[in-house]
Structures are given as C-alpha cells and as structure tokens.
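# Fold and contact review
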Amino acid sequence: MYIKAHKDWFSKETDDGLALLNPEGDKIFTLNKTASCIWKIACSGSRVSMDDILQGLKKKFAIKEKDLKKYRKECTDIVKKNSELFNVFEN
C-alpha cells in the first residue's frame, strides 16, 4: 500500500501533534503525534509506501523491529479512516 497526503491543507504544530485545516476552511482535524508523523512523511513528495512510514515512525519513536507488525495495522487504520487527508494506492 502507498499513500499520499492530500495537497493544500494548512497545518500548525501543537503540543500534542498537529492541527490541519482544509483548503475551504470548514474542517479542522487534530492529529496526535503518531498521526502527525504519518502526515509529515506522506507530505514528503510523491506517494510513499507503508514501509517508508513505518521506518519513519521506528526512527522517531524508537520502535523495536519486532513491534512493527502491530504498528503497520494501526497506521493502515489511521490512513484508511482519514480518507479526507490521505489518498491510498494499492500498487
């Protein structure tokens, strides 16, 4: 699975993560630190793989290799539940 963040969202760092405002200015999302990290990686350019995201999370939060399988499911759930923020590509 590959993802890419939708363009043109405005973001502001918060103590707990990130606040996002859509381009129309009528929706605000608040992301926790994990979701914020996913967002930042997904904004890094063209679409990125879930493996790229997991490696970014592993580095930022010092996640052990053996725990990545659990985080893969959580990251996938975050991305799929927030289709307004992320485009998902299966290939």
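Fair warning: this is a prediction, and the values are worked out from it, not measured in the lab.

### Some points on helix α1 (residues 33-42)
Side chains of residues three or four places apart in an α-helix project in the same direction, reflecting 3.6 residues per turn. Across the 10 residues of α1, 7 count as buried, placing the element largely inside the fold. Among the residues of α1, those classed as buried are Ala 35, Ser 36, Cys 37, Ile 38, Trp 39, Ile 41 and Ala 42. Between the side-chain oxygen at the start of α1 and the backbone nitrogen of Thr 34 there is a gap of 3.1 Å, and the oxygen is on Asn 32.

### Some words on the sheet that holds strand β3 (residues 17-21)
One open sheet accounts for 3 strands, arranged β2-β3-β4; its pairing is antiparallel. Of all strands in the sheet, those with a lone pairing partner are β2 (10-13) and β4 (28-32), marking the two edges. Strand-to-strand twist of the sheet, defined as the mean angle between neighbouring strand axes without regard to direction, takes the value 20°. The strands touched by α1 within the sheet are β2, β3 and β4, with β4 carrying the most contacts at an inclination of about 105°.

Parameters and conventions
- Residues numbered from 1 in each chain as written.
- Predicted model: local features only at pLDDT ≥ 70, side-chain atom pairs only at ≥ 80, totals over all residues.
- Heavy atoms only, no water.
- Buried < 20%, exposed > 50% of the residue type's maximum accessible area, 1.4 Å probe, protein only.
- Helix = DSSP H or I, 4+ residues; strand = E, 2+ residues; numbered from the N terminus.
- Polar contact = N/O pair within 3.5 Å; in protein donor to acceptor, adjacent residues only side chain to side chain.
- Pairing = 2+ DSSP bridges.
- Axes fitted to C-alpha atoms, helices over the stretch in contact; angles between N-to-C directions.
- Contact = heavy atoms within 4.5 Å.

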